[in-house]
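Coordinates in review
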Amino acid sequence: MTILSKDWFEMNDLKKHTFNNKVWIPLYSEHKISDNGDIRYKGFSEEYVGSHSLIVPNENRNNALKLEWMDFNNSRGHKPSIGEDDSFHSAVHYDWRDVRGIYPVLVQYFEIERGMDVHINQDIVLGLQLKRDRDSWVCPKEDYTEVIRLKRDTEGKPVLVEIRAEFLKDYLCAAASGLILLTYQSRQAIEESFDFLNWEEEKVEKTNDFRWTGRFLKVYEGDGIFSNATVFHVGRTDTDYSEDIPVYNFPSEENTKSETWKIEPKGKEIVRAMSEIWKKEWIESAQKSSRLRGDEVISNLEFIVDNEGKTEKSETLSSSSRWLWFHLNVINDLLKKPSAVLNWYSENTGNVGGAWNRSVHFGVNSIGLVNIYAKDIGNMEEIDKKVWARHNISPEGPPSAELLSSQMQARPANTDSPEQVFLSLVEDLQNLTKSKLGHELFREHSFEEGIDKRIHRFQATSLEGFFLLCKEITRFLIERIDMDFLKTLKKEINKETGTLKRLEHILVDLGYDGRNIMGVLVGVYDLRLTDAHLPSAEKTKVAMTLVGVDYDKEGLNSGKELIKNINYSLAAIGHAFYHGDFSKLTK
């Protein structure tokens, strides 16, 4: 419910604010911000806002600032037109009162449907490399940042289009233009009186930036009219309802009749208070256009380059061959990006980034920290530099040996990461069981997609992260083991026996140490909920023993060690399944 006050009506909040300092700038709007009650009765209040905008070359700025609200007549929408000299005028162009510009938003009306739609100027969409996602236009290049957003009313009608100022100003800079923004806003209410408003008749304020008016109107409650009204009625007198195909001449005094009467209001006299404000503002362009024109923007981000804490800006990092150190959490933050990639080249090297074309070569050193070649940081997009800068730390431990070998000696390490081996072993088990036993060990699941972004050593940058890694492994591996398939291999086991225990019995019957092989998976399963629950310290200690990881000792390498131990278990299961005689299980 709107709280009526002198400030609300006199719009002091709107008079002083400027869109040049806003994050979002309206390109088009036509809607009621609030609408309470019935306009025929006291208690009614309403606030409406409308916006028109036009992109105008900088040299035409002074003329653009002379435009008024009524110079934008969009009642019929935007569409091409033909001039008196048969000249063609595009729908996107504005040409009036010595002002030439282009519309950033085009309005289209559908008279048959009594509906309308809005379209974003394709120059803006293509120039800023935007992609429409329902009622948003996002920038995939910048982690799908929402750049333009469309809002609708409760009936689905478009009422507001806004653009992120940072992107708009980049476009305006490249176009050597500014945006003329004209807005109209009204606030009105109906009550018996408005004693807190000291308006005599019409009150007016006018500056270079706005024109504001406030006034009272006398209305009659329930009647919907402001005063006495006179009705004029004219009708034909020669209408013949018996004619099948009637034809009539034009009206004349002989075949028409007129009547006149008055209507007097019967409702209670009340007051309607209304204030309106018209504003115009020139939205300045940015000084540089890094997105559309490709201008170079100097980064203010600094990175630690030595053990004394000395920092340098990213532009100077390519002065010599050197490396920077980062906490493992930098990988987790990068992998949160919608198009993130993580690939492994060797046991401790790979490439990672917010997208495939923004990935960099990284290495993990002996104590579990991430190293990056300094020049790679300097060549990054600013949006990625910010992520790396948050996790930059002083050098600790030598740079990753495998990274140095690859980048300095051109000798990539001939090793495999535990993460790569894990996925290969799972696939090998699937192929083995299908070829030998006619059925895959693991059920297919949509969880498989993007698994490389969830099961990796960087999850375990804390003890809570270690437990989360156990949960991810459980979801991908343990919970996908096909229990119905296991039951066909060994039928006499108690039907209440769980998946892991049943698999252990099968391994024992095949002549292997099932308890030892399955221990790490049992431990992972027991730890899967530890991040959300608080089990006994003794139970956690037992589970940690089963997975074979001393977290206090391994620290940042604990996730890597866990995946390694799971790989030993998977390899042992594969060995048993390959060499075991399953015919003995079903007898």
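**Brief notes about the packing of helix α14 (residues 514–527) against helix α15 (residues 537–547)**
- Here α14 crosses α15 at 145 degrees, and the two axes come no closer than 7 Å. Where α14 crosses over α15, the handedness of that crossing is left-handed. Along the contact surface, α14 presents Gly519, Val520, Val522, Gly523, Val524, Asp526 and Leu527, while α15 presents Thr540, Ala543, Met544, Leu546 and Val547.
- Its residues assigned to classes, the contact of α14 with α15 comprises eight nonpolar, three polar and one charged.

**Here we look at the side chain of glutamate 276**
- Mapped onto the fold, glutamate 276 is located in strand β18 (residues 269–283).
- Looking at glutamate 276, its side chain comes within polar contact range of the side chain of tyrosine 184, at 2.4 Å.
- Among the polar contacts made by the side chain of glutamate 276, one reaches the side chain of arginine 215 at a distance of 2.9 Å.
- When sequence neighbours within four positions are dropped, the list of residues in contact with glutamate 276 reads Met11, Tyr184, Gln185, Ser186, Arg211, Trp212, Thr213 and Arg215.

**As for the sheet that holds strand β24 (residues 360–364)**
- Across the sheet, which stays open at both edges, the six strands sit in the order β22-β23-β24-β25-β21-β26 with antiparallel pairing between neighbours. Among the strands making up the open sheet, the edge pair consists of β22 (341–344) and β26 (392–393).
- Set on the sheet, helix α9 (residues 401–408) makes contact with β21 (323–326), β23 (349–353), β24 and β25 (370–373); between it and β24 the angle comes to about 140 degrees.

**Thoughts on the packing of aromatic side chains**
- Under the counting rule described, the total for this entry stands at 22 aromatic pairs.
- Ring centres 4.9 Å apart and planes at 75 degrees place the aromatic pair phenylalanine 326 and tryptophan 388 in the edge-to-face group. Residue phenylalanine 326 is found in strand β21, and its partner tryptophan 388 is found in helix α8 (residues 382–390); the two are separated by 62 residues along the sequence. Both residues of the pair, phenylalanine 326 and tryptophan 388, count as buried.
- Judged by centre distance (5.6 Å) and plane angle (70 degrees), the rings of tryptophan 344 and phenylalanine 362 are edge-to-face. Of this pair, tryptophan 344 sits in strand β22 while phenylalanine 362 sits in strand β24, and the two are 18 residues apart along the sequence. The two residues tryptophan 344 and phenylalanine 362 agree in class, both being buried.
- Through a chain of ring-to-ring contacts, the aromatic side chains of Trp8, Phe9, Phe194, Phe196, Trp199, Trp212 and Phe216 assemble into a single cluster.

Reading the values: the criteria
- Residues numbered from 1 in each chain as written.
- Predicted model: local features only at pLDDT ≥ 70, side-chain atom pairs only at ≥ 80, totals over all residues.
- Heavy atoms only, no water.
- Axes fitted to C-alpha atoms, helices over the stretch in contact; angles between N-to-C directions.
- Helix = DSSP H or I, 4+ residues; strand = E, 2+ residues; numbered from the N terminus.
- Left-handed = near helix turned anticlockwise from the far one by under 90°.
- Contact = heavy atoms within 4.5 Å.
- Nonpolar A, V, L, I, M, F, W, Y, C, P; charged D, E, K, R; others polar.
- Polar contact = N/O pair within 3.5 Å; in protein donor to acceptor, adjacent residues only side chain to side chain.
- Pairing = 2+ DSSP bridges.
- Phe/Tyr/Trp six-rings, centres within 6.5 Å; stacked < 30°, edge-to-face > 60°.
- Buried < 20%, exposed > 50% of the residue type's maximum accessible area, 1.4 Å probe, protein only.

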